[in-house]
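Geometric and topological summary
So the chains spell out like this:
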Amino acid sequence: MANVVVVGAQWGDEGKGKIVDWLSERADVIARFQGGHNAGHTLVIDGKVYKLHALPSGVVRGGKLSVIGNGVVLDPWHLINEIATVREQGVEISPETLMIAENTPLILPFHGELDRAREEAASKGTKIGTTGRGIGPAYEDKVGRRAIRVADLADAATLEARVDRALQHHDPLRKGLGVEPIDREALIAKLTDIAKEILPYAAPVWKVLNEKRKAGKRILFEGAQGALLDIDFGTYPFVTSSNVIAGQAATGVGIGPGSIDYVLGIVKAYTTRVGEGPFPTELLKEDGTPDADGERLGTRGHEFGTTTGRQRRCGWFDAALVRQTCATSGIKGICLTKLDVLDGFETLKICVGYDLDGERLDYLPTAADQQARCTPIYEEMDGWSETTEGARSWNDLPANAVKYVKRVEELIECPVALLSTSPEREDTILVTDPFAD
Ligand code: GDP
Ligand code: IMO
Ligand code: MG
């Protein structure tokens, strides 16, 4: 028996979806524990592409229990649409195979409106570059003890009281932003309608998962975003509004931290970021547009967001940052993804630390002004001209690619457990099984 947490170890989009789908063969339950439909997880199975946002990446396999935990913020209308989309692709979803924690807070239409209105009103330097999906405002309401949760949908009087509490907070806020007040009756009607579709999936997830655990079932926890977007340990304030690091897996479903046996970090062989915020190894020209290497990484890696379609910023691998995220999430092994994107580069650079006002640092400092003054210290390595795309064994990798992987392991002080060499499910090399007892 082993329970495994998968987390992104950079700024998201590391390839978590592909690896969770691949690992889900070995698991009984796949549970999302934070984030919402700001996530975009792409799976490619025999050429067929699945794009998941709120649903756990185990749904496609069938025969597994998928769980949306209380650490998630859930847009019920989005979820029902996403279920319909994947059903059209032949995926079976029913209350037997999908459970939503009763204590999951909902993302409501006014959360998205507030998120977008704030971003539009933000001046340069304060814009976050959010996905506009209402994630921040929904988490604010959760912590502010005024969220509407899944269980509240079951009782008309409770729902009305919760709506009134939310309006009390949001209407004055909207007035300040020049947005019209919320239509109370329309919102209650909309919630009453969606309740019929959502409630069949509602369950005491903490109880179900603890029973599964006792029965020796394997749980795979699927993180969204990446550790550098964590509300506490990310590049604040340019972060998402949840804890992303592995510790959140326990509180995000209601299981003890002792039940987590292995944390797998998903790490892209270079670095990308969507949205605003510091990015020390970003490959830019003087005018702020991508330089030739940055363009090449973006083009070869198809670096466009799954959720918003925005172009991702690209840069060299930052070993200092990944060493840091391996520490904050207790990562035991990594899956290095998109190694194939580096094929054909004559020289590769790896950031091994930073220069801050003449002093060498081996981690990114917390203060924003210091982060801005950090310049990366690079180590150079020879690239490889052979292709690694689709490689399914170590022996298929060119010598310089093996050297690169080994150097990454040394610098981040964490071993490679898996390697990914294309978007396809089976183009995955297993070195150490995270589920092994
Ligand atoms: P996630 O948010 O971490 O699940 O990652 P995304 O799905 O947003 O972005 C990763 C992208 O890279 C997707 O389009 C995947 O299909 C693709 N991908 C995953 N692993 C590999 C890989 O090893 N090589 C290449 N070339 N693409 C990959
Ligand atoms: P996956 O799970 C990459 C980024 C946004 C923005 C910041 C805050 O696919 O890796 P939010 O809408 O969460 O308030 O936006 O976080 N962001 C992501 N970047 N991958 C993601 O998810 C992300 N989810 C949020 O671009 O910078
Ligand atoms: Mg993504």
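The present account deals with the structure reproduced in this document. Keep in mind that this is a model prediction, so the values were computed, not measured.

How each quantity is defined
- Residues numbered from 1 in each chain as written.
- Chains lettered and ligands numbered in written order.
- Predicted model: local features only at pLDDT ≥ 70, side-chain atom pairs only at ≥ 80, totals over all residues.
- Heavy atoms only, no water.
- Axes fitted to C-alpha atoms, helices over the stretch in contact; angles between N-to-C directions.
- Helix = DSSP H or I, 4+ residues; strand = E, 2+ residues; numbered from the N terminus.
- Parallel < 35°, antiparallel > 145°, perpendicular 65-115°, else oblique.
- Left-handed = near helix turned anticlockwise from the far one by under 90°.
- Contact = heavy atoms within 4.5 Å.
- Nonpolar A, V, L, I, M, F, W, Y, C, P; charged D, E, K, R; others polar.
- Near = heavy atom within 4 Å.
- Polar contact = N/O pair within 3.5 Å; in protein donor to acceptor, adjacent residues only side chain to side chain.
- Areas by Shrake-Rupley, 256 points an atom, 1.4 Å probe, with all protein chains shown as cover.
- Pairing = 2+ DSSP bridges.
- Donors = N, O, S within 2.8 Å, 3.2 Å for Na, K, Ca; no water.

This brings us to the packing of helix α5 (residues 156-177) against helix α6 (residues 184-198). In contact at an axis separation of 11 Å, α5 and α6 are set at 135° when each is read in the N-to-C sense. Taken together, the axes of α5 and α6 are oblique relative to one another. Both α5 and α6 take part in a crossing whose hand is right-handed. In this structure, α5 contributes Leu159, Glu160, Val163, Asp164 and Leu167 to the contact, and α6 contributes Arg184, Leu187, Ile188, Leu191 and Thr192. For the contact of α5 with α6, the class distribution of residues is six nonpolar, one polar and three charged.

Before going further, it helps to spend a moment on the site of ligand 1. Looking at ligand 1, there are 18 residues lining it, with Lys16, Gly17, Gly40, Asp340 and Ser420 nearest. Interatomic distance of 2.8 Å between a backbone N/O atom of Gly15 and an oxygen atom of ligand 1. At 2.8 Å, a backbone N or O of Gly17 approaches an oxygen atom of ligand 1. Coverage of ligand 1 by the protein amounts to 92% of the 590 Å² it exposes when considered alone. Elements that contribute at least two residues to the shell around ligand 1 include exactly α1 (16-23) and β3 (41-45). Looking at which element gives the most residues to the shell around ligand 1, the answer is α1, with three residues. Across the shell around ligand 1, the residue classes break down as two nonpolar, nine polar and seven charged.

Spatial ordering of the open sheet is given by β7-β6-β5-β2-β8-β1-β9-β13-β17-β18, a layout of ten strands whose pairing is mixed. Of all strands in the sheet, those bounded by a partner on one side alone are β7 (202-203) and β18 (428-430). Pairing analysis gives four bridges linking strand β2 (residues 29-32) to strand β5 (residues 65-68), with the strands arranged parallel. Looking at β5, one finds that Arg32 is bridged to Ile68. Helix α12 (residues 399-412) contacts β13 (333-337) and β17 (416-420) of the sheet and is inclined by roughly 140° relative to β13.

For the magnesium ion (ligand 3), the full set of protein donor atoms is Asp13 (OD) and Gly40 (O), and the range of their distances to it is 2.0 to 2.2 Å. You can see Asp13 sitting in the loop between β1 (4-8) and α1 and its partner Gly40 sitting in the loop between β2 and β3, a full 27 residues away along the chain.

Here we take up the packing of helix α2 (residues 76-88) against α6. Taken N-terminus to C-terminus, the directions of α2 and α6 make an angle of 40°; their axes are 10 Å apart at the nearest point. Relative to α6, the element α2 is oriented oblique. For the element pair α2 and α6, the recorded crossing hand is left-handed. Of the residues in α6, those touching α2 at Pro76, Trp77, Leu79 and Ile80 are Lys190, Leu191, Ile194, Glu197 and Ile198. Split by residue class, the contact of α2 with α6 holds seven nonpolar, no polar and two charged.

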